[in-house]
Amino acid sequence: MSGVYNFAAGPGMMPAQVLEQAQREFLDWKGHGFSLLEMPFTGDDFKAIQQRAQDRLRKLLDVPDNYRILFMHGGASAQFSLVPLNLLGDNRRADYLETGHWSRRAITEGRRYCLVNVAGSSRGSDFNRMPMQHELQVYSKTAYCHYTSNETANGVQFHYVPETGKVPLVVDMTSDFLSRPLDVSRYGVIYASSQKNIGPAGFTVVIVREDLLGRARPATPMVFDYRMQNDANSLLNTPVTFSIYLAELVFGWVEEQGGIAAMEQNSLRRSRLVYRAIEKSEGFYRCPVESEHRSRVNVCFTLSDESLTPRFLEEAAKRGLINLKGHSMIGGIRASLYNAMPDEGVVALAAFMDVFAMEHAAYV
Ligand SMILES: Cc1ncc(COP(=O)(O)O)c(C=O)c1O
């Protein structure tokens, strides 16, 4: 629907150009007389689509040759289990950074498999900042150190890559993947589920350093074993063909827009607009996150009079600014600014915030 800007945290907004192409190709894929939904995943056509998706992603992120790109099932939540199952080996211990809702979920799941050492936490400041490098205490003999680069629910983001020495660094990059440049060589494993900057919901990208393959616990299901999926080029069982097809188109769209550097500039510019509207309101809106730790992807804020929140959401929706409700555990407002959100959507949101503050400030 034109004139509607979707600020949902995921599944999030997709590029209109990609949706239009998919619509054109939906019934008759490239003149073959059948839909892509009907295409066997073992055939050359689908294999070529999947290969192109991997190649495009490799190019976008400049993924070194000693890293494998897997497309897996189960979302990022499955990775909360698959990371320990695949990486612990004989080790009984792993380090985690505790920085908000999603890292806590990863920790809870990690505890089912190993002794979790919380090597850094911002719980004491109610997750309104990220721990700094000097506050981290990563144990040198731990199996890996896991962190969440962007806390989607809390609106707080790492603006540096934690240094963990020889300990493999594992990152849940679900909500800021493809929104800024990434030095893949700093990581052991990078994972991100698809429903934010990659495309529709359905699969998880896992980028894994080759030397970490082959350590899975014997009871790990085959389809969740990184080495087995790598050996089968992520075709060990039926992949989510349609989502992968759409992701390949999204990667092409990102390339056309100027690649990851352009995505970063966009998210910087767009998030600044919303943060400026918050600052300008002189306390009508409040962002609890310290300024140097604010997310450029999920801008979270509250209204000083929280009883006005439903009205804010209702009036925003009337103007086509939809899905601004904060995470159910956190409340308030959340504007998710994924790659496909155009400048016009953010300008419209900032203008609405100004007007709403002016109209209601007198009552606060
Ligand atoms: C940072 C982060 N990690 C994990 C998840 C869970 O992803 P999924 O629903 O694909 O399991 C989300 C979902 O929003 C997320 O934002």
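Thresholds applied
Residues numbered from 1 in each chain as written. Predicted model: local features only at pLDDT ≥ 70, side-chain atom pairs only at ≥ 80, totals over all residues. Heavy atoms only, no water. Helix = DSSP H or I, 4+ residues; strand = E, 2+ residues; numbered from the N terminus. Rg over C-alpha atoms; globule rule 2.2 N^0.38 Å. Buried < 20%, exposed > 50% of the residue type's maximum accessible area, 1.4 Å probe, protein only. Contact = heavy atoms within 4.5 Å. Areas by Shrake-Rupley, 256 points an atom, 1.4 Å probe, with all protein chains shown as cover. Lys, Arg positive; Asp, Glu negative; His and termini not counted. Charge placed at Lys NZ, Arg CZ, Asp CG, Glu CD. Axes fitted to C-alpha atoms, helices over the stretch in contact; angles between N-to-C directions. Parallel < 35°, antiparallel > 145°, perpendicular 65-115°, else oblique. Left-handed = near helix turned anticlockwise from the far one by under 90°. Nonpolar A, V, L, I, M, F, W, Y, C, P; charged D, E, K, R; others polar. Phe/Tyr/Trp six-rings, centres within 6.5 Å; stacked < 30°, edge-to-face > 60°. Lys NZ or Arg CZ within 6 Å of the ring centre and 35° of its normal. Pairing = 2+ DSSP bridges. Near = heavy atom within 4 Å. Polar contact = N/O pair within 3.5 Å; in protein donor to acceptor, adjacent residues only side chain to side chain.

Participant: So what exactly am I meant to see when it comes to the overall build of the protein here?
Facilitator: Counting its regular elements, the protein contains 9 helices and 14 strands. Relative to the compact-globule value of 21 Å for 364 residues, the protein shows a C-alpha radius of gyration of 21 Å, a close match. Over its C-alpha atoms, taken along the principal directions, the protein stretches across nearly 65 × 55 × 30 Å. The buried share of the protein, taken over its 364 residues, is 55%. Put simply, 67% of the contacts in the protein that link residues at least 6 apart link residues at least 24 apart. Here the protein has roughly 15800 Å² of accessible surface; of this, 50% comes from carbon and sulfur atoms. Side-chain charges of the protein comprise 38 positive and 40 negative groups, with the mean position of each set lying 4 Å from the other.

Participant: Explain the packing of helix H8 (residues 309-318) against helix H9 (residues 343-360) to me, please; I cannot follow it from the model alone.
Facilitator: To describe two helices that pack against each other, one gives the angle between their axes and the distance between the axes. Close contact between H8 and H9 brings their axes to 11 Å; oriented N to C, the two are set at 135 degrees. Looking at the two axes, H8 sits oblique to H9. Along this stretch, H8 crosses H9, giving a crossing that reads as right-handed. From H8, Arg311, Phe312, Glu315 and Ala316 reach across to H9, where they touch Phe352, Met353, Phe356, Glu359 and His360. Partitioning the contact of H8 with H9 into residue classes produces 5 nonpolar, 1 polar and 3 charged.

Participant: Mind showing me how you'd approach the environment of Ala316 here?
Facilitator: Take Ala316: it is sitting in helix H8. Separated by 32 residues in sequence, Ala316 and Ala348 place their C-alpha atoms 9.6 Å apart.

Participant: So what exactly am I meant to see when it comes to the packing of aromatic side chains here?
Facilitator: Aromatic ring pairs are defined here through the distance separating the ring centres and the angle between the ring planes. Taken as a whole and assessed by the stated rule, the structure comprises 15 aromatic pairs. Both rings, one in Phe284 and one in Tyr285, keep their centres 4.8 Å apart while their planes meet at 90 degrees; by these two values the pair is edge-to-face. Relative accessible area serves as the criterion here: at 4%, Phe284 is assigned to the buried category. Measuring from ring centre to ring centre gives 5.5 Å for Tyr285 and Phe301, while their planes differ by 85 degrees; the resulting arrangement is edge-to-face. With a gap of 16 residues between them, Tyr285 in strand S11 (residues 285-286) and Phe301 in strand S12 (residues 298-303) connect regions that are remote in the sequence. Judged by relative accessible area, Phe301 falls into the buried class, the value being 1%. Cluster of aromatic residues (ring-pair linked, three or more members): Phe284, Tyr285, Phe301, Phe312, Phe352 and Phe356. Note that Arg93 overlies the ring of Tyr139, its terminal NZ or CZ placed 3.8 Å from the centroid.

Participant: Please explain the sheet that holds strand S14 (residues 333-336) as it appears in this structure.
Facilitator: Note on sheets: strands pair through backbone hydrogen bonds, and any given pair is parallel or antiparallel. Reading across the sheet, the 3 strands line up as S11-S12-S14 and stay open at both edges, with antiparallel pairing between neighbours. Looking at which strands have only one partner, the edges of the open sheet turn out to be S11 and S14. Where S11 lies against S12, 2 bridges are found, and the strand directions are antiparallel. Residue pairing in the sheet places Tyr285 in a bridge with Leu303 of S12. On top of the sheet, helix H7 (residues 259-280) reaches S11 and S12; it is set at about 15 degrees to S12, its chief contact.

Participant: Explanation requested: the site of the ligand in the structure shown.
Facilitator: Taken together, 13 residues are adjacent to the ligand, and Ser77, Thr152, Asp172, Ser193 and Lys196 come closest. At 2.9 Å, a side-chain N or O of Ser193 approaches an oxygen atom of the ligand. Within the side chain of Lys196, one N or O atom sits 2.8 Å away from an oxygen atom of the ligand. Protein chains shield 85% of the accessible area of the ligand, which is 390 Å² for the free molecule.

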